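# Analysis of the macromolecular model
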Amino acid sequence: MNEHRPEEHPATPAPEGEHPRRRLDANSLRGLAHPLRMRLLDELRLHGPSTSARLADRTGESTGTISWHLRHLAEHGFIEEEAGRGTKRERWWRAMPGAISLSATDFEQDPGAKAAVSVYQAENLRRQYQRVADSLAAEWEGDWRSVGFVSDWSNLRLTPDQLRALSDELAAVVARHTPDPAAAPDPDARPAIVQIQVLPRKEPDRP
């Protein structure tokens, strides 16, 4: 799970059994802020452990390129080698547990990190949009055809404190509906996408 908060405020407590969030600093941000590395981390988070060869097949990149980026992710603690699996020639990698969060205000005094912030934000939004587009384009059957919705509330007028409160309440609702990762999955359940964007809207300059 990725969480981007443009303004700093206290994070909603993680539900019981969930690993704590990792807040990106300048060093870890530079280690992650690359489109291919972000995709590789997504692949490992969503589909489980994999090898560079399997990831190369999924992404269309060479195994050498994939291996280099995997090592880079491992150096920054985003993934690790899966112990007891694979060989010297075929290493299996898995994502480290826990959500990732970023607050843009952490980097206001670091001009060198601003480019990495922009890359991370743009790629994160692009991947979020793609997940929704893939879901809308899929052919669903049975009860799955009538669930989910996409909506937009753009006419609210809120203070900064009210916007923070809304963000925290929405995050708390998602946390309440998040299954215990240690519990056996419901056989009727399937992966779901929940995306929340709570942002101030820039109004046009008036003459």
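Refer to the structure presented above.
First, a word on what this report is: a plain description of the structure on this page. Everything quoted here is computed from the prediction, not taken from an experiment.

### Focus: the nonpolar core
Ranked by size, the top nonpolar core spans 26 residues in total, and within it Leu24, Leu29, Leu32, Leu70, Phe78, Ile79 and Tyr120 carry the most contacts. Elements represented by at least two residues in this core include exactly helix H1 (26–32), helix H2 (35–47), helix H3 (52–59), helix H4 (63–75), strand E5 (91–95), strand E6 (100–103) and helix H5 (111–137). For this core, the leading source of residues is H2, giving five residues. When near neighbours in sequence (up to four residues on either side) are disregarded, leucine 70 contacts Leu40, Leu44, Ser52, Leu55, Ile79 and Trp93.

### Quick notes on the packing of aromatic side chains
With the rule as written, the count across this model stands at zero aromatic pairs. Sitting over the ring of phenylalanine 78, arginine 22 keeps its end group 4.2 Å from the ring centre. Taking the ring centre of tryptophan 144 as reference, the NZ or CZ of arginine 190 above it sits at 5.4 Å.

### Digging into the pairing of E6
What you see with E6 is no split at all: Ile100 and Leu102 on one side and Ser101 and Ser103 on the other are buried throughout. Both strand E2 (residues 22–23) and E6 contribute to a ladder of two bridges, which runs parallel. Of the residues in E6, the one forming a bridge with arginine 22 is isoleucine 100.

### A closer look at the packing of H2 against H4
Where H2 meets H4, the closest approach of the two axes is 10 Å, and the angle between their N-to-C directions is 80 degrees. By the angle class used here, H2 and H4 are roughly perpendicular. Listed contacts from H4 to Leu36, Arg37, Leu40, Leu41 and Leu44 of H2 are Thr65, Ile66, Trp68, His69, Leu70, His72 and Leu73. Class assignment of the residues belonging to the contact of H2 with H4 gives a composition of eight nonpolar, three polar and one charged.

### Observations concerning the side chain of glutamate 82
Summarising the element assignment, glutamate 82 is placed in strand E4 (residues 79–86). Not counting the four nearest positions on each side in its chain, glutamate 82 is found in contact with Pro49, Trp92, Trp93 and Arg94.

### What about the environment of tyrosine 129?
Position of tyrosine 129 relative to the elements: it lies in helix H5. As for tyrosine 129 and glutamine 195, which are separated by 66 residues in sequence, their C-alpha atoms are 9.3 Å apart.

Basis of the calculations
Residues numbered from 1 in each chain as written. Predicted model: local features only at pLDDT ≥ 70, side-chain atom pairs only at ≥ 80, totals over all residues. Heavy atoms only, no water. Core = buried A, V, L, I, M, F, W, Y, C linked by side-chain atoms within 4.5 Å. Buried < 20%, exposed > 50% of the residue type's maximum accessible area, 1.4 Å probe, protein only. Helix = DSSP H or I, 4+ residues; strand = E, 2+ residues; numbered from the N terminus. Contact = heavy atoms within 4.5 Å. Phe/Tyr/Trp six-rings, centres within 6.5 Å; stacked < 30°, edge-to-face > 60°. Lys NZ or Arg CZ within 6 Å of the ring centre and 35° of its normal. Pairing = 2+ DSSP bridges. Axes fitted to C-alpha atoms, helices over the stretch in contact; angles between N-to-C directions. Parallel < 35°, antiparallel > 145°, perpendicular 65-115°, else oblique. Nonpolar A, V, L, I, M, F, W, Y, C, P; charged D, E, K, R; others polar.

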